[in-house]
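Observations on the model geometry
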Amino acid sequence: MDNQTDEAAARRRFKAVIDGQTYTIVGNKSEAHMRAVTSIMNQQLTQLKKLAPDMTKEEAAVLIAFNAISDQLQKTAAYDQLKQTNEKPQADSDQPTE
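Residues numbered from 1 in each chain as written. Predicted model: local features only at pLDDT ≥ 70, side-chain atom pairs only at ≥ 80, totals over all residues. Heavy atoms only, no water.

**Topic: the overall build of the chain**
The cut-off we apply is this: Under the DSSP-based scheme used, a helix requires at least four consecutive residues in state H or I and a strand at least two consecutive residues in state E, with every element numbered from the N terminus. In this scheme, a residue with accessible area under 20% of its type's maximum is buried, one over 50% is exposed, and one in between is partly exposed, where area comes from a 1.4 Å probe on protein chains only. Residues count as neighbours in contact if any of their non-hydrogen atoms are within 4.5 Å of one another. In this description, accessible areas are obtained by the Shrake-Rupley approach with a 1.4 Å probe, and a residue is regarded as covered only by the protein chains that are shown.
When you go through the chain residue by residue, the secondary structure sums to three helices and two strands. Helices and strands appear in the chain in the N-to-C order α-β-β-α-α. Every one of the 98 residues in the chain was classed for burial, and the buried ones make up 10%. Within the chain, residue pairs in contact and separated by at least 24 positions form 14% of the contacts whose partners lie at least 6 positions apart. Put simply, the chain shows about 8500 Å² of open surface, and 53% of that area lies on carbon and sulfur atoms.

See below:
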């Protein structure tokens, strides 16, 4: 099988109920992962409704997406910094000794 066929075979459909609306999500993550994401989204929506009851569903969705991307960027930066820190000793050990 080629990569495209492998990727298509790994894709699965998941029905997520988010804020009372059913969505069909297609992806290659496990069902447990999809359930966890659904649960976190519903928790965040509930929290936003309590903090700002006049916020529309669209506004809440945009805010959740913005926060998710912000968190992703922070984690990527932290990972990159950790990776650079771990690579420095290897680069030093590659230097010839005198």
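**Overview of the nonpolar core**
So the rule is basically this: Buried Ala, Val, Leu, Ile, Met, Phe, Trp, Tyr and Cys residues form a nonpolar core when they are joined through side-chain atoms within 4.5 Å.
Judged by nonpolar contacts, F14, A16, I18, M34, L45, L48, A60 and I64 together constitute the single largest core of eight residues. What M34 contacts, discounting residues up to four positions off in sequence, is F14, I25, G27 and K29.

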